[in-house]
Amino acid sequence: MLDIKFIRENLDMVKEGARKKRIDLDVMRLIELDDRRKEKRTEWEQLRARQKSESKRVPKADPEEKVGLLKELNELSARVSELEPEVKSIEEELKAGLLVVPNVPLDVVPEGKDDADNVEIRRVGEVPAFDFPIKDHIELGESLDILDFQRAARVSGSRTYYLKNEAVLLELALMHLSLDHIMSKGFSPYIPPYLVKRDPMVGTAYFPGGEEQAYHMERDGLYLIGTSEVPITSLHAGEILSHKDLPYYYAGFSACFRREAGTYGKDTKGLYRMHQFHKVEQVVICQGIPEVSQKEHDHILNNSEELLQMLELPYRVVEVCGGDLGLGQVRKYDIESWMPSRKSYGETHSASNFHEYQARRLNLRYRDPEGKVHFAHTLNNTVLASPRIFIPLLELNQQEDGTIRIPEVLRKYMGGREFIGKK
RNA sequence: GGAGAGAUGCCGGAGUGGUCGAACGGGCCGGUUUCGAAAACCGGUGAACUCUAACGGGUUCCGAGGGUUCGAAUCCCUCUCUCUCCGCCA
């Protein structure tokens, strides 16, 4: 969320930002609402002030005086309660409008409509050439008896899977390695609640707008998280932190649930786009200073790159363009890992900087050394999401005999195994 | 699921209709003292919105939302959360 004052003072910047994100926005409507809000609120406050001061005289007034006083106060009270709902409804409308005002992307963010316009920053690692015909991860998984899509479809519908045998070990090994890696960077591990109330969803800017993507437990008013970013970033909602404790480095491990509504034709095969997966996510809460959060942004990007290098996976980093940025993000880097069966890089990580956007919604603040209160900046990035990462991992490590070589770093998490499929 | 208790500032904890943004204690910040520190003593210490050039003023916030009243932290209703007991259960 942006501050209405900021919007007033930077009208062109806000309009330009929305344009760059390809989002329609009627800012003038909000300015008008805010004008009306101020007007009505001032009127109401003045009435309230009189009501309060006159009320105080009641107990000390003598009987005759009291009659007149109470009569006046009755009228005052009536006018106050008339005005109150007016003020409230204007404020609610304004708030609702402000919730969908996009954050302003940084100048470095390239122009563009969608992910096709993202700009490659660098490539790391060699894309290998195979001297035998390769299989995709689906074929590999089924022939090695570690994945089952068909039965999953019968039991749970589309975009679901069973992991079995070595795939289970691999999944857990990847998560464990990720956690160890990110902890070595000073991040505190968390397993958060997977079900959250509406507030954290709004606070992290998934709602309003993203309702279609979330599973909703109607009886309980709870939502299944699509990422641990939601409960982790919300951890300190409503608090005023001390600058001495910042930045907070958190790593959330959780299952993630996504409805994937509106993606019917897309990525229907294999492990790319699933309703449920596991992820270790890094979340940073830092001081609300752009230079500081930029440093953290590079920091969390680097953490994930290191992990991919440890896993020997070739990848590229892209600077995400305006049209592909979310509502709240000021800048985003995606990491895309090479996926042989897709013959392209596919998104496996996404590192976002929100500046104050989430913090303002979450009321997440800190006190600076002078004692002044500011909104924090929040950032997050994938450490590793699986089983999507199986795609490059299985496909790139396949051997001519159909077995799969397990990367060195994972072996100690898999009982010393070196291959999947070898007796 | 049933019965009960509670939710107050950074923390603990008073306050049951008016003068309460809130006693008292702790913490924290500043000062006195000291070679320095500790202790002691003195002073200060919430947030948001809004008016003002500034000094300063106004309004809101005592879990959330409604209600009663001239007036609500205090009374009533609903919800959320925490705790205790019973039941059920991974």
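Just so it is clear, the structure is predicted and the values come from calculations on it, not from any experiment.

Thresholds applied
- Residues numbered from 1 in each chain as written.
- Chains lettered and ligands numbered in written order.
- Predicted model: local features only at pLDDT ≥ 70, side-chain atom pairs only at ≥ 80, totals over all residues.
- Heavy atoms only, no water.
- Domains from an automatic or database assignment.
- Contact = heavy atoms within 4.5 Å.
- Buried area = accessible area lost by both parts, 1.4 Å probe.
- Salt bridge = Lys/Arg side-chain N within 4 Å of Asp/Glu carboxyl O.
- Polar contact = N/O pair within 3.5 Å; in protein donor to acceptor, adjacent residues only side chain to side chain.
- Nonpolar A, V, L, I, M, F, W, Y, C, P; charged D, E, K, R; others polar.
- Core = buried A, V, L, I, M, F, W, Y, C linked by side-chain atoms within 4.5 Å.
- Buried < 20%, exposed > 50% of the residue type's maximum accessible area, 1.4 Å probe, protein only.
- Helix = DSSP H or I, 4+ residues; strand = E, 2+ residues; numbered from the N terminus.
- Near = heavy atom within 4 Å.
- Patch = residues over 30% accessible without salt bridge, like charges linked within 9 Å, V, L, I, M, F, W, Y side chains within 5 Å.
- Areas by Shrake-Rupley, 256 points an atom, 1.4 Å probe, with all protein chains shown as cover.
- Lys, Arg positive; Asp, Glu negative; His and termini not counted.
- Charge placed at Lys NZ, Arg CZ, Asp CG, Glu CD.
- Pairing = 2+ DSSP bridges.
- Axes fitted to C-alpha atoms, helices over the stretch in contact; angles between N-to-C directions.

A. Summary view of the domain arrangement of chain A. Here the domain parsing of chain A yields domain 1 (4-98) and domain 2 (115-420). On a C-alpha basis, the centroid separation for the pair domain 1 and domain 2 is 43 Å. Contacts between the two partners involve four residues from domain 1 and, on the opposite side, seven residues from domain 2. Interface area for domain 1 against domain 2, summed over the two sides, is near 390 Å², with a carbon-plus-sulfur share of 53%. Area buried by domain 1 at its contact with domain 2 is led by K20, K21 and I23, which between them contribute 83% of it. Our enumeration of links across domain 1 and domain 2 arrives at zero salt bridges. The interface formed by domain 1 and domain 2 includes four residue pairs in polar contact (both at pLDDT 80 or more). Residues that form the side of domain 1 that touches domain 2 fall into these classes: one nonpolar, no polar and three charged.

B. Structural detail: the nonpolar core. Counting residues in each nonpolar core, the largest one holds 57 residues, and the members touching the most others are L170, L174, L271, V280, L311, F390 and L410. It is helix α7 (residues 166-183) that provides the largest number of residues to this core, a total of eight residues. If we skip the residues at most four places from it in the chain, V280 touches M175, S178, L179, I182, A251, G252, F253, T382, V383 and L384.

C. Just the protein's contact with RNA strand B, in detail. Lining the immediate surroundings of RNA strand B are 21 residues, of which R48, K52, S55, N74 and K197 lie closest. In this structure, R37 approaches RNA strand B through a side-chain N or O atom, which is 3.1 Å from a sugar or linking oxygen. Measuring from a phosphate oxygen of RNA strand B, one finds a side-chain N or O atom of R367 at 3.4 Å. Those elements that place two or more of their residues in the surface near RNA strand B are α3 (27-57), α4 (63-99) and β14 (365-367).

D. Broad picture of unusual backbone geometry. P208 follows F207 through a cis peptide bond whose omega is -10°. Here P208 lies in the loop between α8 (198-203) and β6 (216-217). P387 follows S386 through a cis peptide bond whose omega is 20°. Here the phi dihedral of R159 falls at roughly 60°; this positive angle occurs in a residue that is not glycine.

E. Quick peek at a positive patch on the surface. On the surface, a cluster of positive charge is contributed by R48, K52, K56 and K60. Given a relative accessible area of 33%, R48 falls into the partly exposed group.

F. Representation of the pattern of salt bridges in the model. Counting across every chain of the model gives 33 salt bridges. Note that R19 is salt-bridged to E16, the shortest N-O span being 2.6 Å. Here the residue R19 and the residue E16 both occupy positions in helix α2 (residues 11-20), the gap between them amounting to three residues, near one helical turn. Here K279 ties to E281 by a salt bridge, and the two come within 2.7 Å at their closest N and O atoms.

G. Geometry of the sheet that holds strand β8 (residues 240-242). In space, the three strands of this open sheet follow the order β8-β14-β15, with mixed pairing throughout. Looking at strand neighbours, the two that pair on one side only are β8 and β15 (373-375), the edges of this open sheet. Ignoring strand direction, the axes of neighbouring strands in this sheet form an average angle of 40°. Pairing of β8 with β14, which is carried by three bridges, proceeds in the parallel orientation. Bridge assignment links S242 to a residue of β14, and that residue is R367.

H. Representation of the pairing of strand β12 (residues 331-339). For β12, the buried fraction is high: nine of the nine residues fall into the buried class. Pairing of β12 with strand β13 (residues 344-353) involves nine bridges; the strand directions are antiparallel. Its bridge partner being in β13, K332 is matched across the sheet by S352. Hairpin connection of β12 to β13: four residues between the antiparallel strands, including K343 at a positive phi of 55°.

I. Representation of the pairing of strand β11 (residues 315-319) within the structure. Taking burial as the measure, the five residues of β11 include four buried ones, the bulk of the element. With five bridges joining them, strand β1 (residues 119-124) and β11 adopt antiparallel strand pairing. Along β11, the bridge assignment pairs R122 with V317. Pairing of β11 with β12, which is carried by five bridges, proceeds in the antiparallel orientation. The partner of Y315 across the bridge, within β12, is S337.

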